[in-house]
Amino acid sequence: MQRLNIAIDGPAGAGKSTVAKAVAARLGIRYLDTGAMYRAMALWCLRQGVPVHDAEAVGAALPGAEIAVRYTDAGQRVLLSGEDVTDGLRAPELAMAASAVSAHPAVRVRLTELQRQVAAQYDVIMDGRDIGTNVLPDTPHKFYLTASAYERAKRRFDEMRARGQACGTVEDIAREIAERDYNDSHRAFMPLRQADDAVLIDTTGMSVEAVVGEIVRALGEECDG
């Protein structure tokens, strides 16, 4: 059976997760938040006192990190060694830690395997940094979302405020996003980049509904073609 697998890539704050969830709801398919999986790995390292920038130390800790994804009526839940850690994965300190651990080849190989297992089991849309270039390179349904640096920072600021999380200024967040962009796009192993056959969508000034509509229309044309 051929599964419908959709890949959405792009830098931090481009709206990937929000859009992917909305597309999943529109199409009645599963949504896989791959970033949450990397945050769970970062959480494991922090709990174990493992330096997230130390590839050797993270690699040694990797076998003990039992990360799994389950789907409930409430959506995706991420389990870490059997504990549901979903609600704590958006803590600000995990963002940069996740970027650090995601740069280590051993981590990416391990989580890529888990992501492909989900894609083989379900019709799924997933977002991340290397979905179209590495995780699902053979899917014909690839999209790359981006937006201006200021708009991405403002979105992240508003999101954190809405959740009641402590945050600095938009400018502070913009600097963090710029650092993460650089790290993600310059890592040696599986860097962030647009797949050659991905549809590029600049979401600056676009509503979520408009972006979702553009993706659904493109999917219809691809499937009809």
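Above this note sits the structure.
The shown structure was predicted, so the numbers you read here are calculated from the model rather than taken from an experiment.

Enquirer: Give me the lowdown on the overall build of the protein chain, citing residues and values where you can.
Expert: For the protein chain, the helix and strand inventory stands at nine helices and eight strands. Taking 2.2 N^0.38 as the reference for a compact globule, 225 residues should give roughly 17 Å; the C-alpha atoms of the protein chain span a radius of gyration of 17 Å, in line with that estimate. Overall size of the protein chain, expressed as C-alpha extent along the three principal axes, is 50 × 45 × 35 Å. Per-residue burial for the protein chain yields a buried fraction of 49% across its 225 residues. Looking at the protein chain alone, contacts between residues at least 24 apart form 74% of all its contacts between residues at least 6 apart.

Enquirer: Before we move on, could you go through the sheet that holds strand β4 (residues 75-80) and cite the residues and values that matter?
Expert: Judged by pairing direction, the sheet is antiparallel, and its three strands sit side by side in the order β3-β4-β5 without closing on themselves. Strand pairing shows two members of the sheet lacking a second neighbour, β3 (67-72) and β5 (83-84), which therefore form its edges. Looking at chain direction, β3 and β4 are connected through six bridges and run antiparallel. Its bridge partner lying in β4, Ile67 is registered against Leu80.

Enquirer: Account for the sheet that holds strand β6 (residues 124-128), with residues named and values stated.
Expert: Taken in spatial order, the five strands of this open sheet run β2-β6-β1-β7-β8, and their pairing is parallel. The open sheet is flanked by β2 (30-33) and β8 (199-202), the only strands paired with a single partner. With direction set aside, neighbouring strand axes in the sheet form an average angle of 20°. Of the strand pairs in this sheet, β2 and β6 are connected by four bridges, and their pairing is parallel. If you follow Asp33 over to β6, its bridge partner there is Asp127. Each of β2 and β6 touches helix α2 (residues 34-48); the most contacted strand, β2, lies at about 35° to it. Across the sheet, helix α5 (residues 105-121) lies against β1 (5-9), β2 and β6, angled at about 155° from β6, the strand it touches most.

Enquirer: Before we move on, can you summarise the packing of aromatic side chains with the specific residues and values?
Expert: With the rule as written, the count across this model stands at one aromatic pair. Plain terms: the ring middles of Tyr71 and Tyr122 are 5.4 Å apart, the flat faces sit at 75° to each other, and that makes the pair edge-to-face. Of this pair, Tyr71 sits in strand β3 while Tyr122 sits in the loop between α5 and β6, and the two are 51 residues apart along the sequence.

Enquirer: Explain the environment of Asn134 to me, and be specific about the residues and the numbers.
Expert: Here Asn134 lies in helix α6 (residues 131-135). Judged by its relative accessible area of 14%, Asn134 falls in the buried class. Between the alpha carbons of Asn134 and Ala195 there is a distance of 9.2 Å; along the sequence they are 61 residues apart. There is a polar contact of 3.2 Å between the side chain of Asn134 and the side chain of Thr112.

Enquirer: Kindly report on the side chain of Asp184, identifying the contributing residues and their values.
Expert: Residue position: Asp184 is located in helix α8 (residues 170-186). Leaving out residues up to four positions away in the same chain, Asp184 has contacts with Ser99, Ser102, Arg129, Pro191 and Leu192.

Calculation notes
Per-chain numbering applies: the sequence of each chain, read as written, is numbered from 1 onward. Confidence filtering applies because this is a predicted model: local features only for residues at pLDDT of at least 70, side-chain atom pairs given and counted only at 80 or more, and all residues used for totals across whole chains, interfaces and linings. To obtain the side-chain values, all non-hydrogen atoms of the structure were included, while hydrogens and water were left out. Helical segments are the DSSP runs of H or I of at least four residues, strand segments are the runs of E of at least two, and each set is numbered from the N terminus. The globule rule used for comparison is 2.2 Å times the number of residues to the exponent 0.38, while the radius of gyration itself is calculated over C-alpha atoms. Accessible area is worked out with a 1.4 Å probe on protein chains only. A residue is then buried under 20% of its type maximum, exposed over 50%, and partly exposed in between. The contact rule is simple, with two residues in contact once any of their heavy atoms fall within 4.5 Å. Pairing between strands requires that DSSP locate at least two bridges from one strand to the other. Helix axes are fitted to C-alpha atoms over the stretch in contact, other axes to C-alpha atoms as well, and angles between N-to-C directions run from 0 to 180 degrees. Paired rings are identified among Phe, Tyr and Trp, the last through its six-membered ring, by centres lying within 6.5 Å, and are further divided according to the angle between planes into stacked (under 30 degrees), edge-to-face (over 60) and tilted (the rest). For this analysis, a polar contact is any N or O atom pair within 3.5 Å, provided that within protein one partner can donate a hydrogen and the other can accept it, and provided that sequence-adjacent residues contribute only side-chain to side-chain pairs.

Honestly, it's all geometry; don't read function into it.
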